[in-house]
Amino acid sequence: ILKVTQERKPVVAFFDGRKPPAPPMNPARPTPPPPSDYSMVIGSLQELLDVRELSLKEGDSIDDLARSIKGDEERKLKEERGEEPAAEVTLDNGDQAKYIKCLMVAQPHALEDRQVYEINRAVSMGVPTIFLVSPYTVDVSPLTGVPGGLPITILNSGLEDLFKTWGISVRDEMLASNDAGPIMYPQTDIFGRRGPMPTPVSFVVSPGREYMNDKSRLTKRFPGLAFPSTSGMKFTETAGLAATELANSGERSWSVKIDPLAGMNNPFNRGRPSGPTVLGGYAKELA
């Protein structure tokens, strides 16, 4: 019903902070851009939403996207009237929030000043914004992550000062929980066969319904949530801002301090992940 009743899909701007840069343009041998870690998420959202990936840089900013959407709408309207489309599209106050229904900021890391400015400006102009932020990410892929002991990559979002102005601080420990979600990890079944099987791991925090807000329309219908390699968050009351808790990690969770130099001084680590790993130093805490 939603698909057939809406005039057009709402536009969602999606920023992937860790998407690899596109290879140099080579007309003789064109190379497709590298896929995003969120390709499956974006594909699912495309069913009901018009998801546009942005780099939040010059020529690919919030204003550029809003101008493009507005220009398409005006062009279509004038074509229906038999009029000539305008050569240049000018944005009015409030157009960014009018044409962009949401901005998603996923895994921000080593952001440039322009990108931080674009995010702050979008929020200031009233564009609803979702942040998927953590100081850490864990490689759980069967090809690189599992053989490497589930290596932990330390991220630096560059949004700390911006968050502070909103009364938000992201803590530097990784959360773990007995309420855990699974990853595909090699296991031996009851018949002695070894292969990847869904295995709960405590760094994928997965709280139950009792830790979710049943009054919010954002979370009241969710059967569950998963917070992989996440951290704690603190909110300090700030003038003009209010916070609503949608979910928390629950009573069976705890924090684990990550040593960024773990493994760096091991002479046998040549050719292996040189930083911290889940299996190489945090097995006891995260088991």
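Anything mentioned here points back to the structure above.
How each quantity is defined
- Residues numbered from 1 in each chain as written.
- Predicted model: local features only at pLDDT ≥ 70, side-chain atom pairs only at ≥ 80, totals over all residues.
- Heavy atoms only, no water.
- Helix = DSSP H or I, 4+ residues; strand = E, 2+ residues; numbered from the N terminus.
- Contact = heavy atoms within 4.5 Å.
- Areas by Shrake-Rupley, 256 points an atom, 1.4 Å probe, with all protein chains shown as cover.
- Lys, Arg positive; Asp, Glu negative; His and termini not counted.
- Charge placed at Lys NZ, Arg CZ, Asp CG, Glu CD.
- Pairing = 2+ DSSP bridges.
- Right-handed = clockwise from strand over helix to strand, strands pointing away.
- Buried < 20%, exposed > 50% of the residue type's maximum accessible area, 1.4 Å probe, protein only.
- 1 Å grid on protein atoms, 1.4 Å probe; cavity = no way out; pocket = protein on both sides within 12 Å on 5 of 7 lines; lining within 4 Å.
- Points joined across faces, edges and corners; volume = space filled by probe spheres on them.
- Nonpolar A, V, L, I, M, F, W, Y, C, P; charged D, E, K, R; others polar.
- Polar contact = N/O pair within 3.5 Å; in protein donor to acceptor, adjacent residues only side chain to side chain.

Turning next to the overall build of the protein. Looking only at helices and strands, the protein has 7 helices and 12 strands in total. The C-alpha extent of the protein, read off along each of the three principal axes, is 70 × 55 × 40 Å. Put simply, of all contacts in the protein between residues at least 6 apart along the chain, 68% involve residues at least 24 apart. Of the roughly 18300 Å² that the protein leaves accessible, carbon and sulfur atoms contribute 54%. Positive and negative charge centroids in the protein, built from 33 and 37 side chains respectively, lie 4 Å apart.

On to the pairing of strand S2 (residues 50-53), then. Of the pairings in the sheet, the one linking strand S1 (residues 11-16) to S2 comprises 4 bridges and is parallel in character. Across the sheet, Phe14 pairs through a bridge with Glu53, a residue of S2. Chirality of the crossover, the property in question, places the unit of S1, helix H2 (residues 39-45) and S2 among those that are right-handed.

This next bit is on the environment of Leu162. By secondary structure assignment, the location of Leu162 is in helix H6 (residues 160-165). Leu162 gets classed as buried once you look at its relative accessible area, which sits at 9%. Taking C-alpha positions, Leu162 is 9.3 Å from Tyr117, a pair spaced 45 residues apart along the chain. Leave out the neighbours within four places in its chain, and Leu162 touches Val116, Ile119 and Asn120.

Next up on the list: empty space enclosed by the protein. Across all of its chains, the model carries 1 cavity of 30 Å³ or more by this definition. Each pocket or cavity is described by its volume, and for the largest cavity that value is around 50 Å³. Residue lining of the largest cavity: Gly71, Glu74, Arg75, Pro85, Ala86 and Val89, and that is the complete set. Classifying every residue of the lining of the largest cavity gives 3 nonpolar, 1 polar and 2 charged.

Here the focus is the side chain of Asp63. Of note, Asp63 is situated in helix H3 (residues 62-81). Here the side chain of Asp63 touches Gln96 through a polar contact of 2.8 Å, side chain to side chain. Of note is the side chain of Asp63, whose polar atom sits 2.9 Å from the side chain of Arg121. Those residues in contact with Asp63 that lie beyond four places of it in its chain are Leu91, Gln96, Arg121 and Met125.

Read these as geometric descriptors, not functional statements.
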